[in-house]
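As a plain string of letters, each chain reads:
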Amino acid sequence: MRPSRRALPRLSVALAVLLMAGLGAAAPARGTEFPKGWEGYHSYTELTTEIAQVAAAHPDIVKLFSIGQSYKGRQLWAVKVSDNVGVDENEPEVLFDGSHHSDEHMGVEMTLHIFHWLVDGYGTDPRITNIVNTREIYIVFLVNPDGAEYDIHGGRYWFWRKNRQATPGSTAIGTDLNRNYGYRWGLGGRTSSNPLAITYHGPRPFSAPETRAMRDFLASRVVDGRQQIRAAISFHELGRLVMWPYGYTLTDIPADMTADDHAALARIGRHMATTNGYRPEQASDLYITRGTTKDYEYGTYRIFAYTFEMSIKDYPDDSKIASETGRNREAVLYLMERAGCPYAVLGAALRIARCGAFDDDLEVARGWTVNPDGTDTAPAAGRFARADPAPTSRFGSKQLGTATSGRDVLVTGSRAGAKPTASDLDGSSTVRSAAIDLPATSGQHLTFRYVFAHDAASTSADTFKAVVEAQDGTRTEVFGLTGKPVDTDGRWRSASISMDPWAGQTVHLRFEAVDGGPGNLVEVEIDDVRITQPS
Ligand code: 3K0
Ligand code: CA
Ligand code: ZN
Ligand code: CA
């Protein structure tokens, strides 16, 4: 829909045709089939054939690719579905994945159904058409194909959950892919370091090729420093649950989650559960886990990530595929629609504040560059960094140990050190944001929270500025404070600046702090940098 940003590395039509031809050649005459009565489920070969056919029939909105290979060398097939599918447009992205656990075959049927809803509804169903035109939807159909094939070999089920990877120093096979992600990977609850266990977390985070492929795919969706994927569902079985992060802790809002995120995650999760009849809950309410997909997606990128546990029991045949996938249709469409602004479910004020051209609670990396011009004079320990600030005090509190959201802020000299001046600024430091595309509409405001604290030895040589850098490099100071010889304690304050002069432009934000005298103390902290929606 919106102007193109950059061309994606994509499979050319010719390459896609070659790929499909190659698949045909490599596939056995008859692939592994599901046990009798379950033939309606898709084996890996059937899945491969079907997604290639559907992709070939809809080249205008589907791009077929592989995010990598399984341990046994199977392609991990994925599609992108969107208008102008060959272009990486500036549209909110959504990710669906199926069957990290290979005996949870309904996940594959779910991702296939989502694919069909999108391509079949495009151009006929206005709601689907709108979603495809305004979103970029990624589907990874089957994260664990080796396990899935193993699970059905020989005409019976083997109840195989893990991948089929050899474990160093053990005869045991397989890692639980939903314990192998690298966010707070470790032990806790139903997570095991025993290679024999069905919840074996692997010898180290991302030891499995399948989770590495997911990790690398997620990383590839960071454009201009910012993760493009806003929402995700990982489909599992069983129990009919909608679960949001975190799984690693029973705490509802731990330090690595903001209150706004928790409220929106739970609100969206509860709404989805009203549409499919599932039970909504924080993942750890089921049991504690570490290294799961959604903990990684939210923890690393602040993706609104959910696990759906499908099905109410192990079904005796394939007759429940249509109803079990169909009951998630509304939830899936709803999440794709919410991905444009998840915070909007919390009301208009949050929608305006948090869904403009820029929104950074500083909790994860979003493309700030320290010392962008190479001219900073502050020592490394005194420069801006995104960090959990240590409190400092000298004649009252100076650097505050709290953030206005979550845990982290942009701060000069985040550590307290042995004495208050130990990690002092003592020079100049600058941070520059990633590129920000401002819509051509008036009423957008740059807002941020800040602390500017100094001791009584401060002079007008101590400064804190916000600067807008225009496309042509022109820099305009839009906010500035200077020091005075008065002891000034730290306090979180708010700034709001009109961005009307730059509407329609691509800009960078800069924050510049200068400590003009080595004898004094200057502390600067910044949190919740936003450009509001147009009024
Ligand atoms: O992702 C999660 O929230 C964890 C739940 C998941 C698991 O990995 O233990 N349940 S399942 O194994 O029964 N699909
Ligand atoms: Ca598009
Ligand atoms: Zn599962
Ligand atoms: Ca923060």
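For the structure, see preceding data.
Structural notes, computed from the coordinates. (Residues numbered from 1 in each chain as written. Chains lettered and ligands numbered in written order. Predicted model: local features only at pLDDT ≥ 70, side-chain atom pairs only at ≥ 80, totals over all residues. Heavy atoms only, no water.)

### Some remarks on the overall build of the chain
If you tally the helices and strands in the chain, you get 11 helices and 24 strands. Referenced to the eigenvectors of the C-alpha coordinate spread, the extents of the chain come out at roughly 85 × 50 × 40 Å. When each of the 535 residues of the chain is scored for burial, the buried share is 56%. The contacts in the chain between residues at least 6 apart in sequence include a share of 78% that link residues at least 24 apart. (Helix = DSSP H or I, 4+ residues; strand = E, 2+ residues; numbered from the N terminus. Buried < 20%, exposed > 50% of the residue type's maximum accessible area, 1.4 Å probe, protein only. Contact = heavy atoms within 4.5 Å.)

### Points about the sheet that holds strand β3 (residues 75–81)
Strands sit in the order β2-β3-β6-β5-β9-β12-β10-β11 across an open sheet of 8 strands; the sheet is mixed. Every other strand in the sheet has two partners, leaving β2 (62–69) and β11 (279–282) as the edge strands with one partner each. Direction aside, the axes of adjacent strands within the sheet are offset by 20 degrees on average. Sheet analysis places strand β10 (residues 241–244) next to strand β12 (residues 304–310), joined by 3 bridges and oriented antiparallel. In the sheet register, Leu241 faces β12, and the bridge partner there is Glu309. Taken strand by strand, helix α7 (residues 259–276) contacts β10, β11 and β12, and its axis lies near 30 degrees from that of β12. (Pairing = 2+ DSSP bridges. Axes fitted to C-alpha atoms, helices over the stretch in contact; angles between N-to-C directions.)

### Some words on the pattern of salt bridges
Per the counting criterion, the structure on display carries 33 salt bridges. For the salt bridge of Arg127 with Glu337, the shortest nitrogen-to-oxygen distance reads 2.8 Å. Of this pair, Arg127 sits in helix α4 (residues 126–134) while Glu337 sits in helix α10 (residues 329–338), placing them 210 residues apart in sequence. A relative accessible area of 23% means that Glu337 is categorised as partly exposed. Here Arg184 makes a salt bridge to Asp256, at a shortest N to O gap of 2.8 Å. Placement of the pair is Arg184 in the loop between α5 (145–151) and α6 (209–220) and Asp256 in the loop between β10 and α7, with a sequence separation of 72 residues. One network of salt bridges, with partners in common, ties together Asp260, Arg354, Asp359, Asp360, Asp361, Arg366, Asp528 and Arg530. (Salt bridge = Lys/Arg side-chain N within 4 Å of Asp/Glu carboxyl O.)

### Focus on the coordination of the calcium ion (ligand 2)
Each donor-metal-donor angle would ideally measure 109.5 degrees in four-coordinate tetrahedral geometry, or 90 or 180 degrees in six-coordinate octahedral geometry. On the protein side, the calcium ion (ligand 2) has Ser82 (OG), Asp83 (O), Asp83 (OD), Glu89 (OE) and Glu91 (OE) as donor atoms, found 2.1 to 2.5 Å from it. Of note, the calcium ion (ligand 2) draws all its donor residues from one chain, in the sequence arrangement S-D-x5-E-x1-E. As far as the burial class goes, Glu89 and Glu91 line up, both buried. (Donors = N, O, S within 2.8 Å, 3.2 Å for Na, K, Ca; no water.)

### A word on the packing of aromatic side chains
Evaluation of the coordinates by the stated rule reveals 32 aromatic pairs. Summarising the aromatic geometry, the rings of Phe448 and Phe479 are spaced 5.2 Å apart at their centres and angled 85 degrees between planes, so their arrangement reads as edge-to-face. A residue pair is termed long-range when its members are at least 10 positions apart, and Phe448 in strand β19 (residues 445–454) and Phe479 in strand β21 (residues 475–482) qualify at 31 residues. Positioned above the aromatic ring of Tyr44 is the side chain of Arg74, whose terminal nitrogen or guanidinium carbon lies 5.9 Å from the ring centre. Stacked on the ring of Trp160, the Lys or Arg Arg164 has its end atom at 4.6 Å from the ring centre. (Phe/Tyr/Trp six-rings, centres within 6.5 Å; stacked < 30°, edge-to-face > 60°. Lys NZ or Arg CZ within 6 Å of the ring centre and 35° of its normal.)

### Considerations on the site of ligand 1
In the region of ligand 1, 13 residues are neighbours, and Arg161, Asn178, Arg179, Tyr287 and Glu309 sit closest. The backbone of Glu237 places a nitrogen or oxygen atom 2.9 Å from a nitrogen atom of ligand 1. Within the side chain of Glu309, a nitrogen or oxygen atom sits 2.6 Å from a nitrogen atom of ligand 1. Relative to its free-state accessible area of 370 Å², ligand 1 is covered by the protein chains to the extent of 93%. (Near = heavy atom within 4 Å. Polar contact = N/O pair within 3.5 Å; in protein donor to acceptor, adjacent residues only side chain to side chain. Areas by Shrake-Rupley, 256 points an atom, 1.4 Å probe, with all protein chains shown as cover.)

### What about the nonpolar core?
Membership of the largest hydrophobic core comes to 92 residues, with the highest contact counts inside it found for Phe96, Phe115, Leu118 and Tyr306. Residue contributions to this core peak at 9 residues, all from helix α3 (residues 106–121). In terms of nonpolar packing, the next biggest core, distinct from the first, is built from 33 residues, Val431, Ala495, Ile497 and Phe511 among them. (Core = buried A, V, L, I, M, F, W, Y, C linked by side-chain atoms within 4.5 Å.)

### Overview of the state of the cysteines
According to the stated counting rule, one finds 1 disulfide in the structure shown. There is a disulfide in this structure between Cys341 and Cys355, and the S-S distance comes to 1.8 Å. With the S-S bond torsion at 80 degrees, the cross-link from Cys341 to Cys355 turns out right-handed. Taken together, the residues Cys341 in the loop between α10 and α11 (348–354) and Cys355 in the loop between α11 and β13 (358–360) connect sequence positions 14 residues apart. (Disulfide = S-S within 2.5 Å.)

### Description of the coordination of the calcium ion (ligand 4)
The calcium ion (ligand 4) binds to the protein through Asp361 (O), Glu363 (OE), Ser405 (O), Ser405 (OG), Asp408 (O), Asp527 (OD) and Asp527 (OD); the donor distances cover 2.3 to 2.7 Å. Spacing between the donor residues of the calcium ion (ligand 4) along their common chain follows D-x1-E-x41-S-x2-D-x118-D. With Glu363 in the loop between β13 and β14 (369–370) and Ser405 in the loop between β15 (384–387) and β16 (409–412), this pair connects stretches of sequence that are 42 residues apart. You'll find Glu363 and Ser405 in the same group, each marked buried.

### A look at the pairing of β19
Counting buried positions along β19 gives 8 out of 10 residues, so the element sits mostly inside the fold. With 6 bridges joining them, β19 and strand β22 (residues 493–498) adopt antiparallel strand pairing. Note on β22: the bridge partner recorded for Arg449 is Ser494. Bridge analysis of β19 against strand β24 (residues 522–531) gives 8 bridges, and the strand direction is antiparallel. What sits directly across from Phe452, in β24, is Val524.

### Observations regarding α3
The terminal C-alpha atoms of α3, which comprises 16 residues, lie 22 Å apart, in line with the 22 Å expected from a rise of 1.5 Å per residue. Remark: Gly123 follows α3 within two positions and exhibits a positive phi of approximately 90 degrees. (Expected span 1.5 Å × (residues − 1).)

### Section: the environment of Thr129
Secondary-structure assignment places Thr129 in helix α4. Sequence separation between Thr129 and Gly291 is 162 residues, and the spatial gap between their C-alpha atoms is 36 Å. Excluding residues within four positions of it along the chain, Thr129 makes contact with Gly121, Tyr122, Gly123 and Thr124.

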